[in-house]
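Structural features, examined
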Amino acid sequence: CPVWSGDNSSCGEVSGRGVCQDVVPSNSPVGAQFPFSGIDDRENWPIVFYNRTCQCQGNFMGYNCGECRFGYTGPNCTVRRNMIRKEIFRMTTAEKDKLIAYLNLAKRTTSPDYVIATGTYEQMNNGSNPMFSDINVYDLFVWLHYYASRDAFLEDGSVWANIDFAHEAPGFLPWHRFFLLLWERE
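Within each chain, residue numbers correspond to sequence positions counted from 1 in written order. The predicted origin of the model limits local features to residues at a pLDDT of at least 70 and limits the giving and counting of side-chain atom pairs to 80 or more, whereas totals for whole chains, interfaces and linings rest on all residues. With hydrogens and water excluded, all non-hydrogen atoms of the structure serve as input to the side-chain values.

Taking an unreviewed UniProt entry as the reference, the chain is identified by name as Tyrosinase belonging to Rana johnsi.

Listed in full, the 11 residues of the largest apolar core are A106, I116, A117, M124, I135, V137, L140, F141, W143, Y147 and F179. We count a stretch as a helix when DSSP gives it H or I for four or more residues in a row; a strand needs E for two or more, and each element gets its number in order from the N terminus. Of all the secondary structure elements, the ones that give two or more residues to this core are β9 (110–117) and α2 (137–149). By residue number, the principal contributor to this core is α2, which donates five residues. Here a residue-residue contact requires only that any non-hydrogen atoms of the pair lie within 4.5 Å. Once residues within four sequence positions are removed from consideration, I116 is found in contact with M131, F132, S133, I135, L140 and W143. Definition of nonpolar core: a set of buried residues of the types Ala, Val, Leu, Ile, Met, Phe, Trp, Tyr and Cys, connected through side-chain atoms within 4.5 Å. Buried residues are those whose accessible area, probed at 1.4 Å on protein chains only, stays under 20% of the maximum for their type, while exposed residues exceed 50% and partly exposed ones sit between those limits. Membership of the second largest hydrophobic core comes to eight residues, among which are C54, C56, Y72 and C77.

Think of a salt bridge as a Lys or Arg side-chain nitrogen and an Asp or Glu carboxyl oxygen that are within 4 Å of each other. In this structure the tally under the stated criterion is four salt bridges. Here E95 and K86 are joined by a salt bridge, their closest N and O atoms 3.0 Å apart. For E95, a relative accessible area of 32% translates into the label partly exposed. The partly exposed category is assigned to K86, whose relative accessible area is 43%.

Mapped onto the present numbering, the UniProt feature "domain: Tyrosinase copper-binding" (unreviewed entry) falls on residues 167–184. The distance separating the terminal C-alpha atoms of residues 167–184 is 21 Å; by composition the span is 72% helix and 0% strand. UniProt positions are given in the numbering used here, feature names are shortened, and annotations may be inferred rather than shown by experiment.

For the rest of this paragraph, the subject is the environment of S149. Secondary-structure assignment places S149 in helix α2. Between the alpha carbons of S149 and F165 there is a distance of 5.3 Å; along the sequence they are 16 residues apart.

This brings us to the side chain of S111. With respect to the helices and strands, the residue S111 is situated in strand β9. Note on S111: relative accessible area 5%, which makes it buried. A 3.5 Å cut-off defines polar contacts: any pair of N or O atoms within that distance qualifies, except that in protein one atom must be a possible hydrogen donor and the other a possible acceptor, and neighbouring residues in sequence count only when both atoms are side-chain atoms. Engagement of the side chain of S111 in a polar contact is seen with the backbone nitrogen of Y114, the distance being 3.1 Å. Setting aside residues up to four positions removed in sequence, S111 forms contacts with I135, N136, V137 and L140.

By disulfide we mean two sulfur atoms from cysteines, separated by a distance within 2.5 Å. Here the structure, examined in full by the defined rule, presents four disulfides. In this model C1 forms its disulfide with C20; the gap between the sulfur atoms is 1.9 Å. Note on the C1 and C20 pair: the S-S dihedral is about 75°, so by sign convention the disulfide is right-handed. Pair noted here: C1 is in the segment before β1 (3–4) and C20 is in strand β3 (residues 18–22), with a separation of 19 residues, a long-range link.

So, about the side chain of H176. When you line up the elements, H176 lands in helix α3 (residues 172–185). Its relative accessible area of 17% is what places H176 among the buried residues. Among the polar contacts made by the side chain of H176, one reaches the side chain of H167 at a distance of 3.3 Å. The contact partners of H176, leaving out residues within four places of it in the chain, are H145, A166 and H167.

Here we take up a nonpolar patch on the surface. In this scheme, patches are assembled from residues that exceed 30% relative accessible area and form no salt bridge. Like charges are connected within 9 Å, while nonpolar side chains (Val, Leu, Ile, Met, Phe, Trp, Tyr) are connected within 5 Å. Exposure was quantified through the Shrake-Rupley algorithm and a 1.4 Å probe, taking into account, for residues, occlusion by the shown protein chains and nothing else. On the surface, a nonpolar cluster with roughly 320 Å² of combined accessible area is contributed by I88, F89 and L99. In this fold, L99 is placed in helix α1 (residues 93–108). With relative accessibility at 34%, the residue L99 sits in the partly exposed group.

Written out as structure tokens, the structure is:
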């Protein structure tokens, strides 16, 4: 599990932020819309790539429990924070310019926390041939969206294009809500 730099312990455990624990994927069956099993990296995510992760407590979140849960701020994540999104057509010219400046900054800033997989688990030979790359913050979100909605790569090298986990499932709204919250945070 990753270390939180605030106390140099995994998941900030010394500070009560979280604990490291085994990942337990759901054993619920996939729907009939995906007639395969065991062929896609996104099945049983994330144990394809790792089997332990931080379980954050209280108002802490993030890969190392180093951030405040959405809607909270402050050194101990106890201050409630309300945010209101302004409709883009109601933004002033200065507000639009600021938004564009942040988008451009995201395109020029390497993510300090995340890398992306550049190959499938099978191509990585069960992890013995790691295939990961640094990525800028903007392209990280492009990649996250692509990864959730891409075609399934089948064992025989063919592609099954009849699935889109991000858009053709009950998780459409909550997945995109979480995606936008992460994007706004970055």
